[in-house]
Amino acid sequence: MITALFDNTWAVALTQAAAAVLLVVGVLLVARRYGVSMFGEATWAMARGFVQVVAVGSVLAVLLRGPVWTALPVLLGMFAAAASIAQRRARGIPGAYRLILGSLLIGAGGVIVVMAALGVLRWEIATLVPVGSMLLSNAMNACTQMLERLRSDIAAHRGDIEAKLALGGAPASCVAPYVESAVRASMIPQVNTMTALGIVFIPGLMSGMVLAGADPVQAAIYQFVVIAMILAAGGLTAMTAAVLVRSRFFTAADQLVVPAD
Amino acid sequence: MTTDEVLRVDGLTRRLDDGTALVDDVSFAIGRGEVVAVVGGSGAGKSSLLRLLNRLDEPTAGSVEVDGTDQSALRPSDLRRRVGMVPQTPRMFPGTVADNLRWAAAERGDRLGDDEIASLLERVRLSGYADREASSLSGGEAQRVSLARVLANRPEVLLLDEPTSALDEDTKGEVETTLRDLLSSGEVTCLVVTHDEAQARRLAGRALRMRDGRVVASGSVEEVLGR
């Protein structure tokens, strides 16, 4: 209906956005009648989200016309931002930023480089940046989930760990069961996504490709490839972070130190 | 009992960041084969002292020598095998009783044979328990497996932290009988922390009384605890 009203694509896009805003405002007004007051918070979030996403779209519009090497600083900036966000969940762990950044570079970065070298990802900025961001955001989540789980498990099992240390156990052996369960827990969302692929949901990338006119089967296969890359990047990042972080829970004299929340 | 020193503690102190002293200028020595009880009320610093001797915590000042070697000169894992600690609450590892006894040996790349497992279980009066699931044991049985697990390292000094305080009255007796058999042989050097002075009399020949982190009395059990 909206598309029938305007010839100009910009006018169509802005009218679609206005319609979506009106829908949300309607929901907020209904919510306020039931005593749920989120009007200020939600309108601020919408305004901020709109400005942010349009700004990113504008930057991408410029970048996507640039040479492929510009993908490198863009991706490195995203890695640095991801490590900065994730370190907030790793309070008290010494050197958390460098540890997380290193894990993301090995995990997500490694998968991007290998898949680009194999030709699965095209060497073009329009592919490397969006797919890289998907791998990076999921790897960041896997890393933070692993760190939070590992810290809470170590705090909850302090007596068991010290019982092993007191017998002359190596720190890595004493925390091995908790490292394993933290890495496993961090991979569950991605494994669930893979398991439910095409049955419970049809992911956005595949939907977008089909809407853009791609063959649905080819779009589905590419979606599988992306989800597999996300699983690999998340798993590798979480495992790398787990190996790097486990020694940070011990002093040089192999004494257990649990960082405060 | 021989009189050569196996453990010498000199001015041992541990303070928290806020200055509170958990252990304050503690000094004593233990001869090979001696059994020494550490008595005192809650918060006296008894368990904190044992943690320093096993180096689960770092002292703020003072020194600990094991057979004449400073604690800090030993690898922590080696020290903890030589000065083994049985915690107040037994913590069973997953698997069978035999798996628990083999854990420390496996850590140092060794393997305990079935005969050694049987011998250790006999020492703690649990013959025939090797294949039992550790998680199915009673509190008293678990405490004795915890003791056998430390003995599997053949420690030069055994540290017992309130070995029966986490147990009910029925099982306390079983564990104490096991300890009396073990310690009366004179083959084990032991520092046993207990708030139960009657138990200290039954197990030890010498005693230290602690209060507010300091040793306020030391000597024979009769001298420290009265007759």
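Refer to the structure printed above.
Throughout what follows, the structure given in this document is the object of discussion.

What counts, and at which threshold
Residues numbered from 1 in each chain as written. Chains lettered and ligands numbered in written order. Predicted model: local features only at pLDDT ≥ 70, side-chain atom pairs only at ≥ 80, totals over all residues. Pairing = 2+ DSSP bridges. Helix = DSSP H or I, 4+ residues; strand = E, 2+ residues; numbered from the N terminus. Buried ≥ 20, exposed ≤ 12 C-beta atoms within 10 Å, placed from the backbone. Contact = placed C-beta atoms within 7 Å. Nonpolar A, V, L, I, M, F, W, Y, C, P; charged D, E, K, R; others polar. Axes fitted to C-alpha atoms, helices over the stretch in contact; angles between N-to-C directions. Parallel < 35°, antiparallel > 145°, perpendicular 65-115°, else oblique. Left-handed = near helix turned anticlockwise from the far one by under 90°.

### Quick word on the sheet that holds strand E2 (residues 21-31) of chain B
Residues and elements named next belong to chain B.
Then, in step 1: Strands sit in the order E2-E1-E4-E5 across an open sheet of 4 strands; the sheet is antiparallel. The sheet is open, and its two edges are formed by E2 and strand E5 (69-70), each paired on a single side.
Then, in step 2: Where strand E1 (residues 5-15) meets strand E4 (residues 61-66), 5 bridges bridge the pair, whose relative direction is antiparallel. Opposite Thr-13, over in E4, you have Ala-61 as the bridge partner.

### A few points about the pairing of strand E3 (residues 35-39) of chain B
Residues and elements named next belong to chain B.
Then, in step 1: Burial of E3 is extensive: 5 of the 5 residues sit out of reach of the surface.
Then, in step 2: The alternating pattern of E3 places Val-35, Ala-37 and Val-39 on one face and Val-36 and Val-38 on the opposite face, and all of these are buried.
Then, in step 3: Strand direction decides the pairing type here: E3 and strand E8 (residues 189-193), joined by 4 bridges, are parallel. Bridge assignment links Val-36 to a residue of E8, and that residue is Leu-191.
Then, in step 4: Two strands pair when backbone bridges link them, and E3 and strand E9 (residues 206-211) are joined in this way by 4 bridges, in the parallel orientation. What sits directly across from Val-39, in E9, is Arg-209.

### Overview of the interface of chain B and chain A
Then, in step 1: Taken together, the contact between chain B and chain A spans 20 residues of the former and 15 residues of the latter.
Then, in step 2: When contributions to the side of chain B that touches chain A are tallied by element, the ones reaching two or more residues are helix H2 (76-82), helix H3 (97-107) and helix H5 (139-151) of chain B.
Then, in step 3: When residues in the side of chain B that touches chain A are grouped by element, the largest group, 4 residues, is from H2(B).
Then, in step 4: Of the residues assigned to the side of chain B that touches chain A, the class counts are 7 nonpolar, 4 polar and 9 charged.

### Some remarks on the packing of helix H6 (residues 125-156) of chain A against helix H10 (residues 216-245) of chain A
For any two helices packed against each other, the geometry is given by the interaxial angle and the distance between the axes.
All names here are of chain A.
Then, in step 1: In the contact formed by H6 and H10, the axes pass within 8 Å of each other and the chain directions differ by 40°. On the basis of the axis angle, H6 is oblique to H10. H6 and H10 meet at a crossing whose hand is right-handed. Contact residues: Val-131, Met-134, Leu-135, Asn-138, Ala-139, Ala-142, Cys-143, Met-146, Leu-147 and Leu-150 in H6; Val-226, Met-229, Ile-230, Ala-233, Gly-234, Thr-237, Ala-238, Ala-241, Ala-242 and Val-245 in H10.
Then, in step 2: When the residues that make up the contact of H6 with H10 are grouped by side-chain class, the tally is 17 nonpolar, 3 polar and no charged.

Geometric descriptors of this kind do not, in isolation, establish any biological role.
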